[in-house]
Amino acid sequence: MNSDIFLKFHGFYTRMYSSHYWILKIKFKTLGELYIIMKKNARNTKGKIVSAAWKLFYQQGYDNTTIEEIVEASGTSRGSFYHYFEGKDALLSSLSYLFDDKYVELEKTMDEKVLVKKCANAINKGQKTELSVNLTNIDRTFGTILGAEITRKNKNGLADDTITVHCNGAGGQSFGAFIPKGLTLELTGDSNDYFGKGLSGGKLILKVPEKAAYKAEENIIVGNVALYGATSGTAFINGVAGERFAVRNSGASAVVEGVGEHGCEYMTGGRVVVLGKTGKNFAAGMSGGIAYVLDVENVLYKNLNKAMISIEKVDNKYDKKELKNLIEAHVTGSELGQKVLDQFDMYLPHFKKLIPNEYKKMITLSAKLEEKGLNSEQAQMEAFYESIGVKH
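Read on for a plain summary of the structure. All residue numbers refer to position in the chain's written sequence, counted from 1. Given that this is a predicted model, residues contribute local features only at a pLDDT of at least 70 and side-chain atom pairs are listed and counted only at 80 or more, while totals for whole chains, interfaces and linings are drawn from all residues. Each side-chain value is derived from all of the structure's non-hydrogen atoms; neither hydrogens nor water enter the calculation.

Bringing the overall build of the chain into the picture now. Secondary structure follows DSSP: runs of H or I at least 4 residues long count as helices, runs of E at least 2 residues long count as strands, and numbering of each begins at the N terminus. On a plain count of helices and strands, the chain comes out with 15 helices and 12 strands. Here's how the labels work: a residue is buried when its accessible area is under 20% of the maximum for its type, exposed when over 50%, partly exposed in between, all with a 1.4 Å probe on protein chains only. The buried share of the chain, taken over its 392 residues, is 48%. In what follows, a contact means two residues having at least one pair of non-hydrogen atoms within 4.5 Å. Excluding contacts between residues fewer than 6 apart, the proportion of contacts in the chain whose partners are at least 24 apart in sequence is 46%. Surface accessibility follows the Shrake-Rupley procedure with a 1.4 Å probe radius. Residue values consider only the protein chains on display as shielding. Total accessible area on the chain stands at roughly 19800 Å², and carbon and sulfur atoms take up 49% of it.

And the structure:
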């Protein structure tokens, strides 16, 4: 296959198995490498047949590949094959429309049109760069291609705030997904689902317009599943988030002014501050990290999933400092955050600290081991082995 067909084939894979165009930017050396990814992501019978067929076409040629070989390689059956395709030619022709260039429009994304070009010196030389853009909700995965370029040239990211992008309008789905250290996206407006998905060291700021005729803390500003699977970085949200906020967060820190149901579900690390109400089933399956929730009306207990967590007051000096620092970082544009900060001593007794029971044992034991002279990483590993009763 020549390079043009390869790129179209690459685009076919993306549309077949993924809803995120950013994956098109990944550079595969061979179609064999692409097949491995395809095989891993083949989630149904048709996908298995297509994946197996393309591997065989690549290895031995289209004309030399039989339906029997495709069926055997896919682990399906002739019946399954003919359920989806009349024959080998039908398999090819039924997918041929996907090879049309009109379906690959990365060059039309804001990342390709604006960000990557204007941030070239920042990516290559670490030069501070700041720019402004207007967005609509069709600008999906905004910042992700730029983040990929940063990571490709800078394995550990850039210095904090090397690139700052001021956005106005509506963020599309997966705004700021996977962005790395050194990239800051500040959005004035609102955003769709999966905001900050897989956040990987970057910084996200979402705030209401200065002249908004509504109270930020009483209105939803970001959709469901924000910060899903985040691993590091920070997010400051001047308003209420939808359901499943910070699900599977493993290391990012976030401040938000209210969340819907299932917040912090399956969270394994990081910090979350909620300056308002939570929905039902908060902290379900939470096995790591800490959540601080402002519970002025003392109703949080009704919405908690208490199976794995403890509820504590924020009276430890380190916790107080951590909580205050996070709110201080959040206050830009947040009236509620500023109010809490100005009267921090008054609000402090209303905060609840939620910490998983086993996680608490781990960090307590780790702290004791550090006092004995172990470094942080050694102490954590020793604490882990001791907590599960394993000698090594």
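Before going further, it helps to spend a moment on the nonpolar core. Grouped burial of nonpolar side chains is what soluble globular proteins tend to show. Residues enter a nonpolar core if they are buried and are Ala, Val, Leu, Ile, Met, Phe, Trp, Tyr or Cys, with the set joined through side-chain atoms within 4.5 Å. Of all hydrophobic cores here, the largest spans 54 residues; its most connected members are Phe142, Ile163, Val165, Phe175, Phe245 and Phe282. Ile290, Val314, Leu326 and Tyr347 belong to the second-largest nonpolar core, a separate cluster that totals 22 residues.

Before going further, it helps to spend a moment on the pattern of salt bridges. In the sections that follow, a salt bridge refers to a side-chain nitrogen of Lys or Arg positioned within 4 Å of a carboxyl oxygen of Asp or Glu. Counting across every chain of the model gives 13 salt bridges. With its nearest N and O atoms 3.0 Å apart, the salt bridge here joins Glu322 to Arg271. A residue pair is termed long-range when its members are at least 10 positions apart, and Glu322 in helix α11 (residues 317-330) and Arg271 in strand β9 (residues 268-274) qualify at 51 residues. Between Glu312 and Lys360 there is a salt bridge whose closest N-O contact spans 2.5 Å. Residue Glu312 is found in strand β11 (residues 309-313), and its partner Lys360 is found in helix α14 (residues 357-371); the two are separated by 48 residues along the sequence. Salt bridges linked by common partners bring Glu312, Asp319, Lys353 and Lys360 together as one network.

Turning our attention to a nonpolar patch on the surface. Residues Met381, Phe384, Ile388 and Val390 make up a contiguous nonpolar surface patch of about 340 Å² in total accessible area. When you line up the elements, Met381 lands in helix α15 (residues 376-387). Each patch is built from salt-bridge-free residues with over 30% relative accessible area, joining like charges within 9 Å and nonpolar side chains (Val, Leu, Ile, Met, Phe, Trp, Tyr) within 5 Å.

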